[in-house]
Amino acid sequence: MGYINKVKKRIAEVREAINYHNYRYYVLDSPEISDAEYDELMRELKQLEDANLDLITPDSPTQRVGAAPVEAFGVVEHPQPLLSLANAFSDEELEAWYRRISNLLGGRNIDFVCELKIDGLAVALTYVNGLLEVGATRGDGYRGENITQNLRTVKSIPLSVPKEAPPRFEVRGEVYLPKTGFKKLNEERAKEGLPLFANPRNAAAGSVRQLDSRITAQRPLDIFVYGLGWAEGKTAPDKHWEIMQYLKSLGFKINPNIALCQTIDEVKKYYAKWVKEEETIPYEADGVVVKINSIPFQEELGYVGREPRWAIAYKFPAVQGTTRLLEIGINVGRTGSLNPYAILEPVQVGGVTISHAALHNEEDIHRKDIRIGDWVVIQRAGEVIPEIVEPIVSRRTGKEKIFHMPKTCPVCGAEVIKPEGEAMHRCTNAACPAQALERIKHFVSLGAMDIEGIGEKMSQVLFEAGLIKDAGDLYYLTKDQLLSLERTADKSVSNMLSSIEKSKDRPLSRVIFALGIPGIGDETAELLTGHYTSLDELSRATPEKLQEIPSIGPKIADSIVAFFRQEQNKRIIDKLRKADVRLEAEKAEAKELPLAGLEFVITGRLEAFPRPEAEAKIKALGGKAGSDVTRKTTHLVVGEDPGSKLARAQELGTKTLTESEFLELLKQSENKLK
DNA sequence: CCGCCTCGAGTTCT
DNA sequence: CTCGAGGCGG
């Protein structure tokens, strides 16, 4: 095939793809590729056409802005078409745009107006003799839908404007749904069992297209007006910035983050600021629109095809992307849980390459109907952590495979079970090497024994070299053993040994946490130290005794008892003890406790928490909690409806505290500990 | 028994 | 950050 035929074929392919995605986006409101990918297709087509001008056809997607309007509403002709914007995705592309226009303007001084590119629905509002006459969607840019009735329900759209406004004019803006409104709307829909909107833009589009405007009225829609379409009977200012101030004075809602920039560097700074602060914007924005401020300059620059030369959309890095799910891998956790994760074809999302994503558990995978080989939409949830949003069902070939948890542990081959009513599958082999290694990693980690120099990597090296089989072995490592490893210099070895030594004196709560008892995190470990002053004491505790502690229930109690009963755990604790790791609460620690030496008695009902919990807090802070006021009692806490203890306290001259004074004392004492 | 809240466990990438 | 589970109050 000749070169030109290849190009022809590719152009046809890309056009077909774009037309299909246009339809999904504009007509169905259900896009299946991200905006970034759509933009990429459009760019490719444009490049091909620019290099082969004779291949441009009038029906090419580059020759129009969107899809045809839906006929259910009246059709509105736009006297001045609503056009789209060229995109920039990097500082280089922005600079290239700047150089082009700067050349065209012969190097005259240019200033810019920057604003956020709100991801909503573009509308045109026509006012005649001071009244809103027509509100229309953009449609294909030339003809849109008449949605006046619905737009009238948007409270921030003025239905009338002051007399000094031009007799006939059109403003343009973006109707959108704030993030909070979107969330609330979806919550309500979930309650009613209705399908959820995928994002605020879709929700706004759906709302504005309601045939019944009473439904639209219930949606918290808002608008930002971003420009004047046309005006008759009055001359408008000749700076875009001033037009915006003028529109504001007429009662239109203008985005508060609009800025006047004197240089292209200031534009870049504006962009950089908002890339960083994108999360804080209360509505969705997908970039920054940069416009030449001077209207005469705008007119001079004119249009290329369907895009103005005098403005550009500088897009934020995409936060969603699509890629292929190549395989589903399994990790075995410290507790034996089998944790599936997605191995993805690496893809850039939000400026970061994503190649893995957590899949939580088998049920979750099946609920989302994710299959091996699927194309999937991924996003970085809350800034950082990648997640699979959904599979793209329409891209399936039939070769995708449904995932099943293995019947045996992928690491040790032991039987895998899924306890009734639980979501997780578990490896049944407590000696499973994967679990053993994870337990060691947990032991040395930051919140636990915090052994500097031995992290995940070093734990693995030591484990695989056979130098340690469990956490207890860490304390018997010798200098020679460590030096025999690869990539361990003298310096790092002595660092490791000294941080192992230092870890022998961690608070008891850290030790309990580090042991990795299932269900015991840092909070519960801390709670336990309030009731047991040594590991021995804790190891002898009965389930009944443990359950007397508030927030310890039967499951946690059993977990603790079972842990100390296991031979391998006993051996680990033995190794720790022989190595002189402190397994008791520090004596000095107890004395330093802020409430040490004080004895509290509570009378009446407390608002903040039940009495046992208050007593637990007192004990945790080193105080004693009694039930009767005696001469030893130092404080009486007086709650609602106090009993006879109050009289007794007054008799003895015991200090009394109101509940709020008591809470304040607890707070101060807790702060002292930190 | 159900809903609410808090805690635990596992996770990605720079 | 997310999901699941444990604990607890109504």
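Refer to the structure printed above.
Values in this document were obtained by computation on a predicted structure and should not be read as measured data. (Residues numbered from 1 in each chain as written. Chains lettered and ligands numbered in written order. Predicted model: local features only at pLDDT ≥ 70, side-chain atom pairs only at ≥ 80, totals over all residues. Heavy atoms only, no water.)

### With respect to the protein's contact with DNA strand C
1) Next: Every one of the 15 residues lining DNA strand C counts as a neighbour, but Glu 422, Ala 423, Ser 551, Gly 553 and Ile 556 are closest to it.
2) Next: Taking all atoms of DNA strand C within 4 Å of the protein, the share assigned to sugar and phosphate is 90%.
3) Next: Ser 551 is positioned such that a nitrogen or oxygen atom in its backbone is 2.4 Å from a phosphate oxygen of DNA strand C. (Near = heavy atom within 4 Å. Polar contact = N/O pair within 3.5 Å; in protein donor to acceptor, adjacent residues only side chain to side chain.)

### Section: the packing of helix α12 (residues 433-444) against helix α13 (residues 456-464)
1) Next: Packing of α12 against α13 leaves a shortest axis separation of 9 Å and a crossing angle of 135°. If you check the angle between α12 and α13, you find them oblique. α13 is crossed by α12, and the crossing has right-handed handedness. Residues Pro 433, Ala 436, Leu 437, Ile 440, Lys 441 and Val 444 of α12 form the contact with α13, whose participating residues are Glu 456, Ser 459, Gln 460 and Phe 463.
2) Next: Considering only residue class, the contact of α12 with α13 consists of six nonpolar, two polar and two charged. (Axes fitted to C-alpha atoms, helices over the stretch in contact; angles between N-to-C directions. Helix = DSSP H or I, 4+ residues; strand = E, 2+ residues; numbered from the N terminus. Parallel < 35°, antiparallel > 145°, perpendicular 65-115°, else oblique. Left-handed = near helix turned anticlockwise from the far one by under 90°. Contact = heavy atoms within 4.5 Å. Nonpolar A, V, L, I, M, F, W, Y, C, P; charged D, E, K, R; others polar.)

### Here we look at the pairing of strand β15 (residues 338-349)
1) Next: By the bridge criterion, seven bridges tie strand β14 (residues 320-332) to β15 in an arrangement that is antiparallel. Of the residues in β15, the one forming a bridge with Asn 331 is Asn 339.
2) Next: Hairpin connection from β14 to β15: five residues lie between these consecutive antiparallel strands, with Gly 336 at a positive phi of about 90°.
3) Next: In the sheet, β15 pairs with strand β16 (residues 352-358) via six bridges, with the strands oriented antiparallel. (Pairing = 2+ DSSP bridges.)

### Comments concerning the environment of Ile 343
1) Next: Relative to the helices and strands, Ile 343 is located in strand β15.
2) Next: Ile 343 sits in the partly exposed class, given a relative accessible area of 26%.
3) Next: Sequence separation between Ile 343 and Ile 372 is 29 residues, and the spatial gap between their C-alpha atoms is 9.5 Å.
4) Next: Setting aside residues up to four positions removed in sequence, Ile 343 forms contacts with Arg 324, Leu 325, Leu 326, Glu 327, Gly 329, Ser 355 and His 356. (Buried < 20%, exposed > 50% of the residue type's maximum accessible area, 1.4 Å probe, protein only.)

### Looking at the pairing of strand β7 (residues 168-176)
1) Next: Of all nine residues that make up β7, eight are buried, and the element is covered over most of its length.
2) Next: In this structure, strand β4 (residues 121-128) lies alongside β7, joined through eight bridges in antiparallel fashion. Paired with Thr 126 across the strands is Glu 170, a residue of β7.

### Quick look at the pattern of salt bridges
1) Next: Under the defined criterion, the tally for this structure stands at 30 salt bridges.
2) Next: Notably, a salt bridge pairs Lys 570 with Glu 567, separated by 3.5 Å at the nearest N-O pair. Of this pair, Lys 570 and Glu 567 both sit in helix α21 (residues 567-578), three residues apart, roughly one helical turn.
3) Next: Each member of the salt-bridge network shares a partner with another, and the members are Lys 9, Arg 10, Glu 13 and Glu 44. (Salt bridge = Lys/Arg side-chain N within 4 Å of Asp/Glu carboxyl O.)

### What to know about the protein's contact with DNA strand B
1) Next: For DNA strand B, the set of nearby residues contains 24 residues, the closest of which are Arg 334, Ser 355, Gly 519, Gly 521 and Thr 524.
2) Next: Sugar plus phosphate: this is where 95% of the atoms of DNA strand B within 4 Å of the protein reside.
3) Next: Contact distances for DNA strand B include 2.7 Å between a phosphate oxygen and a backbone N or O atom of Gly 519.
4) Next: Between DNA strand B and Gly 521, the relevant distance is 2.8 Å, taken from a phosphate oxygen to a main-chain nitrogen or oxygen of the residue.
5) Next: Going through the elements one at a time, β15, β16, β19 (385-391) and α17 (522-529) are the ones with two or more residues in the surface near DNA strand B.
6) Next: For the surface near DNA strand B, the leading source of residues is β16, giving six residues.
7) Next: For the surface near DNA strand B, the per-class residue count stands at ten nonpolar, eleven polar and three charged.

### Observations concerning the packing of helix α20 (residues 554-565) against α21
1) Next: The geometry of α20 relative to α21 is characterised by a closest axis approach of 5 Å and an angle of 75° between their N-to-C directions. Taken as axis vectors, α20 and α21 run roughly perpendicular relative to one another. In contact with Phe 563, Phe 564 and Arg 565 of α20, α21 contributes Glu 567, Asn 569, Lys 570 and Ile 573.
2) Next: For the contact of α20 with α21, the residue count by class is three nonpolar, one polar and three charged.

### Describing the environment of Ile 365
1) Next: Mapped onto the secondary structure, Ile 365 falls in helix α11 (residues 362-367).
2) Next: When its relative accessible area of 0% is taken as the criterion, Ile 365 is described as buried.
3) Next: Linking Ile 365 and His 404, residues 39 residues apart in sequence, is a C-alpha distance of 9.5 Å.
4) Next: Aside from chain neighbours lying at most four places away, what touches Ile 365 is Ile 328, Pro 340, Leu 359, Ile 370 and Phe 403.

### Remarks on the side chain of Thr 323
1) Next: Its place among the elements puts Thr 323 in strand β14.
2) Next: For Thr 323, a relative accessible area of 2% gives the class buried.
3) Next: Polar side-chain contacts of Thr 323 include one of 2.6 Å to the backbone oxygen of Glu 345.
4) Next: In this view, Thr 323 contacts Leu 344, Glu 345, Val 347, Asp 374, Trp 375, Val 376 and Ile 378; residues no more than four positions away in its chain are not counted.

### Digging into the nonpolar core
1) Next: Within the largest apolar cluster, 50 residues are counted, with the highest numbers of intra-cluster contacts made by Phe 443, Leu 474, Tyr 475 and Leu 546.
2) Next: If you list the elements that add at least two residues to this core, you get α12, α13, α15 (490-502), α16 (508-515), α17, α18 (535-539), α20 and α21.
3) Next: Top contributing element to this core by residue count: α16, with six residues.
4) Next: Setting aside residues up to four positions removed in sequence, Leu 546 forms contacts with Leu 528, Tyr 532, Leu 538, Ala 541, Ile 552, Ala 557, Ile 560 and Val 561.
5) Next: One finds Val 113, Tyr 127, Val 175 and Ile 258 within the second-largest nonpolar core, a separate group that totals 35 residues. (Core = buried A, V, L, I, M, F, W, Y, C linked by side-chain atoms within 4.5 Å.)

### Side note on the sheet that holds β4
1) Next: Taken together, the four strands give an open sheet; going across it, the order is β5-β4-β7-β8, and neighbouring strands pair in antiparallel fashion. Every other strand in the sheet has two partners, leaving β5 (131-137) and β8 (222-232) as the edge strands with one partner each. Between one strand axis and the next, the sheet turns by 25° as a mean value, whatever way the strands run.
2) Next: Here β7 pairs with β8 via nine bridges, running antiparallel. By the bridge assignment, Glu 170 is partnered in β8 with Trp 230.
3) Next: Along the sheet, helix α8 (residues 240-249) contacts β7 and β8; its crossing angle with β8, the most-contacted strand, is approximately 110°.

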